[in-house]
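Overview (structure and organization)
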Amino acid sequence: MTCWYEGPLAAFDTETTGVDVEEDRIVSAALVVQDAPGGRVRATRWLVNPGIPVPPEATDIHGLTDDHLQRNGRWPAPVVEEIARSLAEQSIARRPLVVMNAPFDLTLLDRELRRHRASSLARYLDSRPLCVLDPRVLDKHLDRYRKGRRTLTDLCAQYEVELDGAHDAVADATASLEVVRALGRRFATRLERLSPAELHTLQAVWHAAQARGLQAWFARNGSEEAVNPAWPLRPEIPAAAA
């Protein structure tokens with residue numbers, strides 16, 4: 001029987017105006033699908049005019065300027081609906097979805113759907129929840145004592161995955177997918193008997209434990225920064241608490 005990391009996978013990534021999932025906007029997104037290792041990657045790319053200025057520090061990261069997005073980007077409402085429907089198709093196909101740091105990208109998409117479609121990601125999934133594989137959560141659990149950062153660039157170096165054009169949504173999604181395949185092979189004895197659905201459930205537990213550990217580290221160092229334990233999607237903040 002083919003192990004899940006040798007089978008069909010999809011991956012999703014966004015580039016944004018910033019790092020606040022409640023307020024920032026998507027400027028580009030990509031969904032890539034690969035049926036088997038080494039196979040052709042089918043990529044869908046979206047470019048969005050977010051309707052708000054793109055901060056220079058965000059442009060410095062992904063290279064997308066206000067002028068370029070205004071000339072070439074589409075309005076957010078139809079784009080975020082297309083993205084949500086495309087992710088739902090992966091769920092229907094029972095194709096695991098790789099999302100690096102899933103609570104960021106999936107929560108941001110959910111908030112864009114609420115903002116522009118008066119809807120939510122859950123409504124588009126229609127009781128067919130995504131099966132998410134998050135290389136950041138998996139790596140932190142399976143190799144927890146390794147020192148150093150765990151950005152996508154770091155994970156690509158660790159798992160010998162080529163990342164050509166970092167901070168391009170297609171490039172990042174493709175690299176995330178390859179990291180998960182490589183990670184699966186490296187930790188095969190611990191992962192091969194687990195189904196993607198079982199891993200999805202376990203990652204929620206692992207991420208919560210990782211969040212508690214990071215929160216404790218912040219507290220010891222005098223920081224009041226809060227770490228959200230929810231995975232792969234953060235619940236909506238009630239209006240009264242926002």
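Structural notes, computed from the coordinates. Since the model is a prediction, treat every value here as computed from it, not as a measurement.

Our focus in this paragraph is the packing of aromatic side chains. As enumerated under the stated definition, the model contains 2 aromatic pairs in all. Taking 5.2 Å as the distance between ring centres and 85° as the angle between the ring planes, the aromatic pair formed by Trp4 and Tyr5 counts as edge-to-face. Side by side, Trp4 and Tyr5 carry an identical accessibility label, which is buried.

So, about the pairing of strand β1 (residues 9-16). Burial runs high along β1: 8 of the 8 residues are buried. Burial along β1 is two-sided: Leu9, Ala11, Asp13 and Glu15 facing one way and Ala10, Phe12, Thr14 and Thr16 facing the other are all buried. Taken together, the 8 bridges between β1 and strand β2 (residues 26-34) define a ladder with antiparallel strand orientation. Its bridge partner being in β2, Phe12 is matched across the sheet by Leu31. Taken together, the 2 bridges between β1 and strand β4 (residues 97-98) define a ladder with parallel strand orientation. The residue of β4 that forms the bridge with Ala10 is Leu97.

Before going further, it helps to examine the pattern of salt bridges. Tallied over the entire structure, the rule returns 17 salt bridges. A salt bridge links Arg114 to Glu236; the nearest nitrogen and oxygen atoms lie 2.8 Å apart. One end of the pair, Arg114, is in helix α4 (residues 102-117); the other, Glu236, is in the segment after α10 (196-220), with 122 residues separating them in the sequence. For Arg114, a relative accessible area of 31% translates into the label partly exposed. Here Arg146 and Asp139 are joined by a salt bridge, their closest N and O atoms 2.7 Å apart. The same class applies to Arg146 as to Asp139, namely buried. Overlapping salt bridges, with partners in common, bring together Glu22, Asp110, Arg111, Arg114 and Glu236 in one network.

To continue, consider the nonpolar core. Counting 61 residues, the largest nonpolar core has Phe12, Ile83, Leu87, Leu97, Leu106, Leu109 and Tyr159 as its most contacted members. A per-element tally of this core places helix α8 (residues 169-186) first, with 9 residues. Sequence-distant contacts of Leu97, defined by excluding residues within four places in its chain, comprise Ala10, Ala11, Phe12, Leu31, Leu87, Leu130, Cys131, Val132 and Leu133. Residues Val27, Val54, Leu64 and Leu69 belong to the second largest nonpolar core, which totals 5 residues.

Okay, helix α3 (residues 76-92) next. The terminal C-alpha atoms of α3 lie 24 Å apart, and with 17 residues this matches the ideal 24 Å at 1.5 Å per residue to within 8%. Buried within α3 are the following residues: Pro76, Ala77, Val79, Val80, Glu81, Ile83, Ala84, Ser86, Leu87, Ala88, Gln90 and Ser91. Those residues of α3 that are buried lie in contact with β1, β2, β3 (42-47), β4, α4 and α5 (121-125). Looking at the residues trailing α3, positive phi occurs at Arg94, about 60°.

Across the sheet, 5 strands lie side by side as β3-β2-β1-β4-β5; this open sheet has mixed pairing. Edge positions in the open sheet fall to β3 and β5 (132-133), since each of these has one partner strand only. In this sheet, β5 lies alongside β4 in parallel orientation, the contact comprising 2 bridges. Paired with Val98 across the two strands is Leu133, which belongs to β5.

Parameters at a glance
Residues numbered from 1 in each chain as written. Predicted model: local features only at pLDDT ≥ 70, side-chain atom pairs only at ≥ 80, totals over all residues. Heavy atoms only, no water. Phe/Tyr/Trp six-rings, centres within 6.5 Å; stacked < 30°, edge-to-face > 60°. Buried < 20%, exposed > 50% of the residue type's maximum accessible area, 1.4 Å probe, protein only. Helix = DSSP H or I, 4+ residues; strand = E, 2+ residues; numbered from the N terminus. Pairing = 2+ DSSP bridges. Salt bridge = Lys/Arg side-chain N within 4 Å of Asp/Glu carboxyl O. Core = buried A, V, L, I, M, F, W, Y, C linked by side-chain atoms within 4.5 Å. Contact = heavy atoms within 4.5 Å. Expected span 1.5 Å × (residues − 1).

Keep in mind these numbers describe shape, not what the thing actually does.
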